Amino acid sequence: MVTIHRRCGHNTASICIHLIKKNQRRNKTPHFIMTSHTKLSAAAVIERDSNGDILWSWIYPAVSAELRDVILPKTMLEDKEMDSPQQIFGRHKNTWFYIVSTPVSLVPDARVSDAVEALATVVISEDFNPEMYLKLAVVLTGKYVDGGSGPNVLNAFLSVYTSGKVDKFSVATHADVRKAYLRGSIKSVIKKFGIESILIYIAVLLKKRIIVSCPDVSELLATVRVLPQLVFKRLDWSILFPLVDPTDSEISAVVETKDYYIAGFTDSSVAIREDLYDLYVDVAGESITVASHAQNAFGLGKIHKDIAMYMTSAAEEDDTKDQDIVRELVERTDTLLEGLGKLAVPSDSDPEKQIVKIEAIRARKMAPSMHKFLYNLAVAENMTEESQA
């Protein structure tokens, strides 16, 4: 059973106002303005008691019912066998959530009700930065178990919101989001999939729909988060939906939010849903499948073979770092785009826009598969009449 009970939310407005003013005085912020140092938007604590009942015990300022339904299964609180801390991150529509779940028995000197067996702290934000927000969730967890109620958590939340820091946590430490983008190992992903890794590169470059499945949540998140590194120059992590449950509502939220995406699932049954993807990446099976309707977009030419050979050889070299691979792929992608740009002419409908016509591509002496690839790349880069918004 899931219930909601806010120990500190709108029902304790006087405490909230007092803490806001206290933090504003400390940071010399005018009393009528609360300036945010992050894109932090909310936080919550969820408890599971000895009867198996799950309680949203603290929320500030609010979490919608829709988002609660998405978050709760991912806390793992419904799993009574959870015996170690878990750190999860995901996205629903345009909202990111970060979850730290832990059995209370693993928290030394926890000052919560004896009936509470496990709890999850949730941090909600508008941006991707797992290391920052998961660390904040750990800090908030510590504040909660220090007394088992909301005021300590609220004070810490507002301190971060208004000053960017609390205790030893500081937003400034994580201010460069590119560090979050470069976390993880693209090298290990290339090692796992070998020569087929070029298919993922093509899919990301052409803005195709990618679904990744893996039964291990940690491995799934580690894989999904690094795939945009293959086309790092775009700095676009808004295409990620790292952890999606295969429900109609969550799947609809993905396809309605983005035309192209990288979505992660722990349930491999999603493989039968070719309507949802152009490329399917099976992490556990170490295999990649191109959907039948997307075969023409993945024809390989000499350029792809050269990139594929570089990727696989670099992944096997001990001296080659992940950032070396990312940097080299940026240069090779730039070369591709520069070549495409040389074919561009002013649009008939909008002279200020440079477009690439299929006739110009066909005039190049290349294999038909490369003609299709270059035109698809022009579409992805908004360089055709058809892609004009």
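If you're wondering where the values come from, they're calculated on a predicted model, not measured in any experiment.

Peer 1: Tell me about helix α4 (residues 150-163), residues and numbers included.
Peer 2: The end-to-end C-alpha separation of α4 is 20 Å, in line with the 20 Å expected for 14 residues at 1.5 Å each. With ten of 14 residues buried, α4 is to be regarded as a mostly interior element. In the segment just after α4, Gly164 is the residue with positive phi, at about 85 degrees.

Peer 1: Go over the packing of helix α11 (residues 322-341) against helix α13 (residues 368-380) with me, naming the residues and quoting the values.
Peer 2: In contact at an axis separation of 11 Å, α11 and α13 are set at 90 degrees when each is read in the N-to-C sense. As the angle between them shows, α11 and α13 are arranged roughly perpendicular. Taking contact as the criterion, the partners of Leu336, Leu337 and Leu340 in α11 are, on α13, Phe373, Leu374, Leu377 and Ala378.

Peer 1: How would you summarise the side chain of His304 if you had to cite specific residues and measurements?
Peer 2: Tracing the sequence through the fold places His304 in helix α10 (residues 302-316). The class of His304 is buried, set by a relative accessible area of 1%. Setting aside chain neighbours within four positions, we find His304 in contact with Ile198, Ile202, Gly299, Met370 and Phe373.

Peer 1: Describe the confidence of the model for the protein, listing the residues and the values that go with them.
Peer 2: Residues with a pLDDT of 70 or more make up 90% of the protein, whose mean pLDDT is 90. Every residue in residues 6-34 is under pLDDT 50, and counting partners more than four places away or in other chains gives 52 contacts.

Peer 1: Lay out the pairing of strand β13 (residues 287-290) in plain terms, naming residues and giving numbers.
Peer 2: Burial of the side chains of β13 is restricted to one face: Ile288 and Val290 are buried, whereas none of Ser287 and Thr289 on the reverse face is. As paired strands, strand β12 (residues 279-282) and β13 are joined by four bridges and run antiparallel to one another. Paired with Leu279 across the bridge in β13 is Val290. Where β12 folds back on β13, the antiparallel hairpin that results is connected by four residues, among which Glu286 adopts a positive phi of roughly 50 degrees.

Peer 1: I'd like to hear about the pairing of strand β3 (residues 54-60), residue by residue, with values.
Peer 2: The element β3 is extensively covered by neighbouring structure, given that six of its seven residues are classed as buried. Examined bridge by bridge, strand β2 (residues 40-49) and β3 share six bridges and lie antiparallel to one another. Residue Glu47 lies in a different strand from β3, and its bridge partner there is Leu55. Turn length for the β2-β3 hairpin, with the two strands adjacent in sequence and antiparallel, is four residues, and the turn residue Gly52 shows positive phi of about 85 degrees.

Peer 1: Before we move on, could you go through the sheet that holds strand β10 (residues 240-241) and cite the residues and values that matter?
Peer 2: The strand order across the open sheet formed by five strands is β10-β11-β9-β12-β13, and the pairing between neighbours is mixed. For this open sheet the edge positions go to β10 and β13, each flanked by a neighbour on one side alone. Bridge count between strand β9 (residues 210-213) and strand β11 (residues 262-265): four bridges; the pairing is parallel. The partner of Ser213 across the bridge, within β11, is Phe265.

Peer 1: How would you explain the packing of aromatic side chains if you had to name every residue and give the values?
Peer 2: Aromatic ring pairs are described here by two measures, namely the spacing of the ring centres and the angle between the planes. Across all of its chains, the model carries nine aromatic pairs by this definition. Cluster of aromatic residues (ring-pair linked, three or more members): Phe89, Trp96, Phe128, Tyr181, Phe232 and Trp237. If you follow Arg91 out to its NZ or CZ, it ends over the ring of Phe241, 4.3 Å from the centre. Over the ring of Tyr260 we find Lys258, and its NZ or CZ is 5.0 Å from the ring centre.

Peer 1: Before we move on, can you summarise the nonpolar core with the specific residues and values?
Peer 2: Note on soluble globular proteins: their nonpolar side chains tend to be buried together. If you look at the biggest cluster of nonpolar residues, it comprises 118 residues, and the most contacted ones within it are Tyr201 and Leu279. With nine residues, the top contributor of residues to this core is helix α3 (residues 130-145). Filtering out sequence-adjacent residues up to four positions away, Tyr201 remains in contact with Leu230, Val231, Ile307, Met311, Leu329, Thr333 and Leu336. Judged by nonpolar contacts, the second largest core, of 13 residues, contains Phe241, Val254, Phe265 and Val270.

Peer 1: How would you explain the packing of helix α6 (residues 186-193) against α10 if you had to name every residue and give the values?
Peer 2: Relative to each other, α6 and α10 sit at 110 degrees, their axes nearing to 9 Å. By the angle between their directions, the pair α6 and α10 is classed as roughly perpendicular. Where α6 crosses over α10, the handedness of that crossing is left-handed. When α6 is examined against α10, the residues Lys187, Ile190 and Lys191 are found in contact with a partner set consisting of Met311, Thr312, Ala314, Ala315 and Glu316. Of the residues contributing to the contact of α6 with α10, the split by class is four nonpolar, one polar and three charged.

Rules used in this analysis
- Residues numbered from 1 in each chain as written.
- Predicted model: local features only at pLDDT ≥ 70, side-chain atom pairs only at ≥ 80, totals over all residues.
- Heavy atoms only, no water.
- Helix = DSSP H or I, 4+ residues; strand = E, 2+ residues; numbered from the N terminus.
- Expected span 1.5 Å × (residues − 1).
- Buried < 20%, exposed > 50% of the residue type's maximum accessible area, 1.4 Å probe, protein only.
- Axes fitted to C-alpha atoms, helices over the stretch in contact; angles between N-to-C directions.
- Parallel < 35°, antiparallel > 145°, perpendicular 65-115°, else oblique.
- Contact = heavy atoms within 4.5 Å.
- pLDDT = per-residue confidence, 0-100.
- Pairing = 2+ DSSP bridges.
- Phe/Tyr/Trp six-rings, centres within 6.5 Å; stacked < 30°, edge-to-face > 60°.
- Lys NZ or Arg CZ within 6 Å of the ring centre and 35° of its normal.
- Core = buried A, V, L, I, M, F, W, Y, C linked by side-chain atoms within 4.5 Å.
- Left-handed = near helix turned anticlockwise from the far one by under 90°.
- Nonpolar A, V, L, I, M, F, W, Y, C, P; charged D, E, K, R; others polar.

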